[in-house]
Amino acid sequence: MDWSIRQLAVVVVCCLCSSVNSEEWSLTNLPPEINVDVPMPPVITKQAPSSHIVDPRELIVIDCEASGSPEITFSWLKNGRELDVAGDPNIRQSELPNSGTITIELDGDNPDLGYEGKYQCKAANHRGTAITNEIELTVTASPLFAFAEDRDITVPVGAQHTLECLPILGEAIPPPNIYWTKDGSNPIDLTERISIDADNNLIFANVEESDAGEYSCRAEYVKLGTIRIANTLTLIVDTASPRGSRAPTFMKRDINLPPVNRGEDLTLRCITEGLPTPEVRWKRTSGGSLPAGRAKLEGTSLIIEDIVERDAGKYMCTASNSLGKSTNEVTVTVNAAPYWKVAPEGQMLAPGDSATIICEAAGTPTPEVSWKRNGDPLTADQGVIRDHHFEEKFQDQPNRKVSGTTLSLSELVKEDSAVYQCIASNNLGTRITNAYINVVELPPIMLTADNKKYAYVQDQDAQLDCLSFGSPKPEITWYKEELLAGDRYSVLGNGTVVISTVSTDDDGNYKCEAHNRFGTKELQAELSVKRKTSIVTPPVALEVKAGDEAKFVCKVDHDPDLELTILWLKNGIALKPGSRINMAVPGTLLIKDSMASDSALYTCLASTPRDEASAQANLAVLDVPDPPVNVELADQNPTSVTIMWEEGNDNNSPVLGYTVQFEEDRLNPGEWQDMVVKDHRDHRTASLDLNSWVNYRFRVIARNKVGDSEPSEVTETYTTPPAAPSSVPGGIKGEGTEPTNMVISWEPLSGLEANGPGLRYEVRYRQQQSRKRRQAESDWTVETVTDPNGSEFIVEDTPTYTAYEITVQAKNDAGDGPLSPVVIGYSGEDFPAVAPENTEVGDVQPRSVRLDWDPVPEESVNGDLKGYKVRYWSDDDPDNKMEKTFEGDEPSALVDGLTPYKNYNFEVVPYNGKGDGPASSPPVTASTPESTPGAPGGLRANVVDSKTLTVEWDEPLEPNGVITGYLLTYRTMPGPGEPEGRLGLPMEIVIDDPGSKSRTLSDLDEQTWYRFELQAKTQIGPGDVKQLETPTSEPGPDTTTAMATTEGAGIVPLIPVGPGNGKEGSETDNEGSETDKESSETDKEGSDSDKEDMTDPSKAPLKPETVEILDTGDNFINVSWVPSKAGPRPSHYNVEYRERGTNSEKSWTLSEDVKPDPYTENLQMTIDGLSPGTRYQLRVTATNNFGSTSSGIRDTSTEGESPQAQAATPVGRQGWFIGLMCAIALLILILLIICFIKKNRGGKYKVSEKEDALKGDPETQPIKDDAGFGEYRPRESPDEVMAKPPTGSIPSLAGSDKEPGSETDSMAEYGDADPGMFNEDGSFIGQYGADKKQRPPEEPTSPAAFSTFV
C-alpha cells in the first residue's frame, strides 16, 4: 500500500532512536504507523514464568500475549490436556486484542488446590501455531512451627551452645526466610561467633555474658506477608564456672554437598566453636578464585549468588585463633535446567529461498532436543504432519531436513510458512522456543526519510541511514556520483553506510538503492562535514590557598555553524552556578572563597550537536591541616610523659611539623604555651620533661606551609607529685643602696619550679676574708624569706663598700633544693672623699689638650672607682661649663673638641657608683693656638650688568684666629638642564684686606653659569670653602641688580629683577650706596627713552607649557605649569584669573609673583579667596624686562554651592533654619518637663506662709523669682493681673535689662540652685533654707524668663 509522508517521518524518528547495530526490521517489529498487509505467523510476546507461585487470596493471572496477522486465537492446556476455559466459572480469558491471558479466582480461606498444575498457552492463525513453556502453578501456604513449651537454658560463660529451631509442619513453597531475634528486637546479626546452620539452629562458638536474653526462631513468608514465631528460649549465662580457652573445632563438616541448580544462591557454612572466637576465612582450592561481585561473607558463611556451572569446584574454610586452627574442604556441584546457548529466530523469506533454524541448548545433564511444527511432533522419518487446528494434510516434504539441533528447509513455497518449536529437556526441566518461517513476496519499502541531512565533524565516522524492508531482504547499494567503494566505506546489515574519518572532501549528496527481485527503491541523503571542535587553551592545574579565588580558563575552537555548549565538571559531575561558583563567562570557571572541598579534577567539556572535546586540570586548595587526632599519653612518670598522636588531613599541603603545647594551673593558668616543636611530619611522638606538683593538660598543633591547624583535642589532666625544688634561684647579687646596707636579691622560682607547697628561700652571707684566714661554717649568717615570691633581703649596719660571700637556697615542704654557688656582693658606696692632686697641662693642640694628675688613694674612693670627669670652660663663656667622662683609673685624659685660639680652664673629679667626689683645685689653664678658619658666614652675587657681578660675603662664624684676608676662586660651569661638561679654568683673587666684604668681577661671559668658592685666611692658612653657583644675565638696558645668595650650605641661583618689582640691588659698600641712588634716579628719568627697547617682543620669554589644574576646592584652585626651556629667561611668572563670562582684559586678576627655579621641572601656585561653585578662566604669564607672554586660557570650577544657588534654596531647606527649629523644639520639651514637675511637686508645703515669715531675714530670703512655680505665688487681684504684661517672649525681652540674645539670658540662671533645695523625692523645699546666691535687687527676674530662653 502507499505510504504517507507522516508515516515516513515517524519511521525516520524511530530509526534515529534505534542503534545502528540493532536488529533488522521485520514484520514483527515494524512501527505501527507502517501498515503492511502481509500475513504473519504468531509470535509469543509475553508469557508467565515457568514457576508461578501465587497467593490464593489474590486474583491469579497467567499471562499469554502474541502478535501476528491475521487475528490470533488462543487456547490453553493443563497437564497436557485441553483446558475448557469457557466452561469453568472460576476462569476468565482476556478479550483484548493479541491477548489470551487467563485469570483464576479462588476462595482465599479455602482455596481449591485442584487448580495447581502445569499450564501451556497456544496462539494460532492460519500461518501457524506458537506455544509457551509449561507454567507450573503453585498455591503458596504458611505452615506453623511444631509446638513446644517455652523453656530456660543455663550455659556456662565461654561454652559453646546451640539453640534449636523447631521444625515447620508441612512444605512451604517457596521456603520461608528463617531468622532469630533476641528480646523481641530486630534479627540477630550473624558474626564469626554467632551463626545459623542448615537446620536453622542458632549456634554460639562461645557464650558471652551479654548473650543472656530471650530468643525465638521466626519464619517469614514474604509472598503472604506472614511471620510465624516458634517458642521462646531464655538463655541464662552462668559466670560462676566459666569454660577455658580452646582451639577451633568444626561442629559440622559438609564434605559433598547435594548439587545446586544454576541460577540459585549457594550458601557454604563454616560452623565452628572455640575460645577466643575463631577467625574464619574462605578460599577456592580448585577451579579458580572466588567469583568477584557474586561472592560475599555473612558471619562465617560464604554465599555465592546466581551460581553458574563454572562455580563448581572445591572450597576451603579455615578457622583459627591463638590456640590453633582447623580447615574443612567442601565440593560444589552445579546442575542446570536447559537454557539456550543460541535461541532460534523467526525468518521472513521469499519463495525459492532456503531456511535454516539452529537450536543450541545447554544444561547439566545435557538436554535432549526435539522439534515440533505448529505444536505437533516432527521427526526425520515422519512423512505426515497434522495441524490439529485446521486439519490440513501434507504429503512427504523432501525439502525439509532435521539433523539434531538444526532444521533445514530448501526451495521454499508459501505453504512452508509455519511456527517451529525447539524443545530441550533434561531431568531438571523443559524449555520451549518458537521460530517461524514466513514465506512472502514484498518489494522494498524505505523506512528512512528521503533527502535527510547529516552533519558530522572532521575525523568522525559518518553514518548515513538507509533502513528498508522487503521480502526477500533488499540488497543495499550506496552512490556518490558513482558506486562507493574502498576501505573507508562499509555497509551495515541494516543498510546504513559508515564513512570512516570524514573530511570536507566527503561533503555532498549521496544515494541509497534498495533492490530485490520484486522491485527497487531509492533515497537521497546530504552529508555536511564541519570543523572539529578542539580546545586550544586548556585549563591549567592550580594551587590556591583556602579563601583565595581559583580561576580556570578554557578557550575553544569550533565550527561557527554548530552551537557550542561549554560545561564544567567536578570529578565527572556537572557543576551548577552558585554564590561561589561563577560560570557567566563562557569557558571560564571562577571559584570564590575556595575551600578544601573544592579540591578535585575539573573538566572543561566543549560540545556541539555533532562532537565534543574536553580537557582536565586539577585544583588543589591548600589549607591549614586538620588537627591531629587520637592524642594519647604514654610512659607516665613523675617528671616525664610521652605524648603520641596521629596525623589529620593535610588539606593538600604536606604537614611540615608539629607543636606540642601545655597548659598548667600554677604559673599561667588558662594560657597555652609551646613545649616541644617537631620539624618533620613523621615525628608523631614527643617525650616531655615535666615539673613536679603541677596539673598539666596537653594538645598538639600541626603546621604546613599555609599555616597552623586548629589545636587537637585536649588530653586528660596529668598531675605530677610534689618534690623538693630542683632549681637554684637565678640572678643572685649583693648591692648596697646606702653606705651602711647591702641588698641581697635573686630571681624567685617560677610557679612551675616550686615543685611543691611551702616554697621559701634561705639566705646565707658572711664578710669575705683574706685567703690566709680560713672561715668556719659558723661564720655564716642565715635568714629565711617565707614569701614564695620574695626576691630580696636587706642586710643593715654594714661597713661601707665591704665584700660579702652570698648563697641562696630554695626549700619547700617536700625538701631542700640545691645550694647556689657563692656570689660576691658589696655593701653600699659613699662619695669619693679626696680630689686629684698635681693636675698638669701636657700637649696643647688647636682643638685638644692633654691633662695629667696623681691618682686618688684607694681608701678615699669609698667604693668602686669608675673613672674621672674633666670639667672645662673658656674665659669668654665661663657660665658654659662642659664635662667629659673618662672611665677607668688612668690618671690622664685627652680633652678634644675644643675651639682654636681660646683660653680654657680645667678641673678633674673622681667618681664611683655613688657619685662624684671633690674637684681638683685650683683649675689649671691652657690656651689653644690658632688654626685655619671656618667657611665665610654668607656668600652673595649681585648682577651689575650682563658681564659684571659683585660678590659679597660675611665673616666666618668660626675665625679660629685672626683673619688676614680671603681667597676668591671662580670658573665657568654647565647650567641646570645642560649636559654635564668640564669646568672652566679656575681664576684666583687674593684679598689681603681682612675688612673687605665684596669684590666686583667684570668681563664675564653673558648668560653663563659660574661657580664661586671663597675661603677666609689666618696666618695658619686658608680655611673651609663657601661655594655659590649663579649665572650672569642676558644683555639688556636694565642697570638694576639682582642678587644670588647662599646661606648655609644651600645654593640659590641668580634671578634678574625687572623694573617695577619694588626690588633694589644690594649695596656693595658704603661708598657705592649713593651711586646706586643716583643710578636709580637716572633709570627713572630714562625709562621713557628706553621704553622701546624694554618692550622688544623678540627678547620676551616664551609662553609657559603644559598648564594643568592639579586640585580645586570650595575657595581655591591649584595650578601647575612647565616653564619653557628655550628662549630668553623670565624674571617671574604670574597666574591671571577671572570669572567666566567677564571677557574684558581688565577683568583679569593678577596673582603674586612666582620666581623661576632652574632646579625644578615645573612650577605651581594656589589661588585662594575664590567663590565656591563658580566657573573661572585662568592663564599663566611669563615676564622679563622686555615683555610678557601668556599661555592658553584654561576653564575650571571651584567646588561647593555658589552664593546664588544658596540664595535660591528655600529657607525651610537651609541648614541654619533646620538647626534653629530643632533647638526651639528641644527647649519647648524642657519647658514642658519643668511645668510637669512644677505641677506635680507643688502643693506639699505651704510655701506662701513660709516666705512671708522669712522676708525680714536677708540671709534666709529666697531668690526672688516671679517666674517661679505658679502654685507658690500669692493670689493676685484681677486688676493686678491685667496691669502686668503678657508672659510671652516679646514682653520678656522688653522687661529685661539684658540685651536681646545675651548669653546670660538662658537656663543657666536657674542652674546654680543649692542641691539641698530638693529632698529625697525631688520636691522643692528651698523655702526652708537660706539662698547662698541671692540676686541683687537691680536684676529682677520676670515671669517671662522661660519664654525668653525659648
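The rules behind each value
- Residues numbered from 1 in each chain as written.
- Predicted model: local features only at pLDDT ≥ 70, side-chain atom pairs only at ≥ 80, totals over all residues.
- Heavy atoms only, no water.
- Pairing = 2+ DSSP bridges.
- Helix = DSSP H or I, 4+ residues; strand = E, 2+ residues; numbered from the N terminus.
- Axes fitted to C-alpha atoms, helices over the stretch in contact; angles between N-to-C directions.
- Polar contact = N/O pair within 3.5 Å; in protein donor to acceptor, adjacent residues only side chain to side chain.
- Contact = heavy atoms within 4.5 Å.
- Disulfide = S-S within 2.5 Å.
- Buried < 20%, exposed > 50% of the residue type's maximum accessible area, 1.4 Å probe, protein only.
- Salt bridge = Lys/Arg side-chain N within 4 Å of Asp/Glu carboxyl O.
- Core = buried A, V, L, I, M, F, W, Y, C linked by side-chain atoms within 4.5 Å.
- Phe/Tyr/Trp six-rings, centres within 6.5 Å; stacked < 30°, edge-to-face > 60°.

### Observations regarding the sheet that holds strand β8 (residues 102–104)
One open sheet holds the three strands; their spatial order is β3-β8-β7, and the pairing between them is antiparallel. Since the sheet does not close on itself, it has two edges, and those belong to β3 (60–62) and β7 (91–93), each with one partner. Each strand of the sheet is rotated relative to its neighbour by a mean of 20°, with strand direction disregarded. Here β3 runs beside β8; their pairing, made up of three bridges, is antiparallel. Across the sheet, isoleucine 60 pairs through a bridge with isoleucine 104, a residue of β8.

### Here we look at the side chain of asparagine 201
Within the element layout of this structure, asparagine 201 appears in the loop between β15 (194–196) and β16 (202–204). Among the polar contacts made by the side chain of asparagine 201, one reaches the main-chain amide nitrogen of cysteine 165 at a distance of 2.8 Å. Discounting residues that sit within four places of it in the chain, asparagine 201 has contacts with Thr162, Leu163, Glu164, Cys165, Trp180, Ser195 and Ile196.

### Let's talk about the state of the cysteines
Going through the model one piece at a time under the given rule, you end up with six disulfides. Disulfide partner of cysteine 165: cysteine 217, at an S-S distance of 2.0 Å. Because the torsion about its S-S bond is -70°, the bridge between cysteine 165 and cysteine 217 counts as left-handed. On the criterion of sequence distance, the pair formed by cysteine 165 in the loop between β13 (161–163) and β14 (177–182) and cysteine 217 in strand β17 (residues 213–221) is long-range, its members being 52 residues apart. What makes cysteine 217 buried here is its relative accessible area of 1%. Across a sulfur-sulfur distance of 2.1 Å, cysteine 554 and cysteine 604 are joined as a disulfide pair. Between cysteine 554 and cysteine 604, the S-S torsion sits near -80°, and that sign places the bridge as left-handed. In this pair, cysteine 554 sits in the loop between β52 (550–553) and β53 (555–557) while cysteine 604 sits in strand β58 (residues 600–607), placing the two residues 50 residues apart along the sequence.

### Some thoughts on the side chain of asparagine 516
Tracing the backbone shows asparagine 516 in strand β48 (residues 508–516). Asparagine 516 sits in the buried class, given a relative accessible area of 4%. Once residues within four sequence positions are removed from consideration, asparagine 516 is found in contact with Leu442, Pro443, Pro444, Gly470, Ser471, Pro472, Lys473 and Pro474.

### Comments concerning the pattern of salt bridges
A full pass over the atoms with the stated rule returns 41 salt bridges. Among the salt bridges present, the one from lysine 530 reaches aspartate 561, with a minimum N-O distance of 3.3 Å. A residue pair is termed long-range when its members are at least 10 positions apart, and lysine 530 in strand β49 (residues 519–530) and aspartate 561 in the loop between β53 and β54 (565–570) qualify at 31 residues. Lysine 530 sits in the buried class, given a relative accessible area of 15%. A single network of salt bridges, built from pairs that share partners, joins Glu647, Asp650, Arg681 and Arg684.

### Overview of the sheet that holds strand β81 (residues 924–927)
As summarised here, the arrangement of the four strands in space is β78-β77-β80-β81, forming an open sheet in which the pairing is antiparallel. Two strands in the sheet have a free side with no partner beyond their single neighbour: β78 (877–887) and β81. Neighbouring strand axes in the sheet, compared pairwise and without regard to direction, differ in orientation by 30° on average. Sheet topology note: the strand β77 (residues 865–874)/strand β80 (residues 903–912) ladder contains nine bridges and is antiparallel. Counted as the bridge partner of tyrosine 868 is proline 910 from β80.

### Here's the deal with the nonpolar core
Counting 27 residues, the largest nonpolar core has Ile62, Trp76, Ile102, Ile104 and Tyr119 as its most contacted members. The residues contacting isoleucine 104, other than those within four sequence positions of it, are Leu59, Ile60, Ile62, Asn90, Ile91, Tyr115, Tyr119 and Leu137. Counting residues in each nonpolar core, the second largest holds 25 residues, with Val157, Ile178, Trp180 and Leu233 among its members.

### Observations regarding the packing of aromatic side chains
Under the defined criterion, the tally for this structure stands at 19 aromatic pairs. With a centroid separation of 5.7 Å and 10° between ring planes, the pair formed by tyrosine 696 and phenylalanine 698 is classed as stacked. Judged by its relative accessible area of 1%, tyrosine 696 is buried. For phenylalanine 698, a relative accessible area of 0% corresponds to the buried category. Where tyrosine 904 meets phenylalanine 906, the ring centres are 6.3 Å apart and the plane angle is 35°; that geometry is what we call tilted. Overall, the relative accessible area of 0% leaves phenylalanine 906 in the buried class.

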